[in-house]
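The chain contents come next:
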Amino acid sequence: RDRLDLAVDVLERGLTRCVTLGYEGWQGLSWDTHAAGFLQSFHLNELFGELQRTMNKLQQTSNYSGGRLLDEVTVVVVSEMGRFPQYNNRNGKEHWTYTSALVMGSGIRGGQTIGQFDSNCFGQSIDLQSGELDSNGTKLLPGNLGATLLTLGDVNPQKYTDALPIQAIISS
């Protein structure tokens, strides 16, 4: 909570354009639960509560030029790895190459889920413009999210990556 408050404070003052925070899970127990998957609900409830508080604070806070901070800030929640979509025999989940990201705030067309798993739990290709499944589309990689964030920051992603942005989540 203190780190989130500090992050909003430095953004409000215009001291930075990017803040990275880590979340170690409910009571510092870590998200790495290969067993006792019931703990994930505690992690998620706390995380989403803090995200809601942060979004409210961004809504109520003016930036250094007088606008709302929420109109300038994009919040991205990611993990360095995913979790297999099914429980193991210890009621936990193993590591998986596919993960998800939650993106909200400035520049984001919200209220949608992009991407899906097939029956073998592998990621499916999408059309980057619409976000719809498309067998001839793109299999999402971290570079696509990076290109999307660069685009949101008014930086040409092609200077840094061959990956294309996920246009479906960028509001016009």
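Everything discussed here concerns the structure shown above.
The rules behind the values
Residues numbered from 1 in each chain as written. Predicted model: local features only at pLDDT ≥ 70, side-chain atom pairs only at ≥ 80, totals over all residues. Heavy atoms only, no water. Helix = DSSP H or I, 4+ residues; strand = E, 2+ residues; numbered from the N terminus. Buried < 20%, exposed > 50% of the residue type's maximum accessible area, 1.4 Å probe, protein only. Core = buried A, V, L, I, M, F, W, Y, C linked by side-chain atoms within 4.5 Å. Contact = heavy atoms within 4.5 Å. Polar contact = N/O pair within 3.5 Å; in protein donor to acceptor, adjacent residues only side chain to side chain. Arc of directions from axis to C-beta.

1. A few points about the environment of Asn 136
Right, on to step 1. Here Asn 136 is to be found in the loop between β4 (101-105) and α3 (142-152).
Right, on to step 2. Its relative accessible area of 72% is what places Asn 136 among the exposed residues.
Right, on to step 3. Separated by 12 residues in the primary sequence, Asn 136 and Gln 124 place their C-alpha atoms 10.0 Å from one another.

2. Some thoughts on the nonpolar core
Right, on to step 1. Counting residues in each nonpolar core, the largest one holds 11 residues, listed as Val 8, Leu 11, Leu 47, Leu 51, Met 55, Leu 58, Leu 69, Leu 70, Val 73, Val 75 and Met 104.
Right, on to step 2. Every element with two or more residues in this core is listed here: α1 (2-12) and α2 (39-60).
Right, on to step 3. Here this core takes four residues from α2, the largest share from any one element.
Right, on to step 4. Discounting residues that sit within four places of it in the chain, Met 55 has contacts with Leu 70, Val 75, Met 104 and Gly 105.
Right, on to step 5. Core analysis: the second largest hydrophobic core is formed by nine residues, Ile 126, Leu 128, Leu 145 and Ile 169 among them.

3. What to know about the side chain of His 43
Right, on to step 1. Within the secondary structure layout, His 43 lies in helix α2.
Right, on to step 2. Engagement of the side chain of His 43 in a polar contact is seen with the backbone oxygen of Ser 30, the distance being 3.0 Å.
Right, on to step 3. If near-sequence neighbours (up to four positions away) are discounted, His 43 is found in contact with Tyr 23, Gly 25, Trp 26, Leu 29, Ser 30, Trp 31 and Thr 33.

4. Let's talk about α1
Right, on to step 1. All of the buried residues along α1 are Leu 4, Ala 7, Val 8 and Leu 11. For α1, the arc enclosing every buried residue in end-on projection is 95 degrees, short of the 170-degree limit, so these residues lie on one face. When the buried face of α1 is taken as reference, the exposed residues oriented beyond 90 degrees from it are Asp 2 and Leu 6.
Right, on to step 2. Buried-residue contacts for α1 involve α2.

5. A few points about the environment of Asn 89
Right, on to step 1. Among the structural elements, Asn 89 can be located in the loop between β2 (82-83) and β3 (95-96).
Right, on to step 2. When the C-alpha positions of Asn 89 and Asp 2 are compared, they lie 37 Å apart, and in sequence the two are 87 residues distant.

Read these as geometric descriptors, not functional statements.
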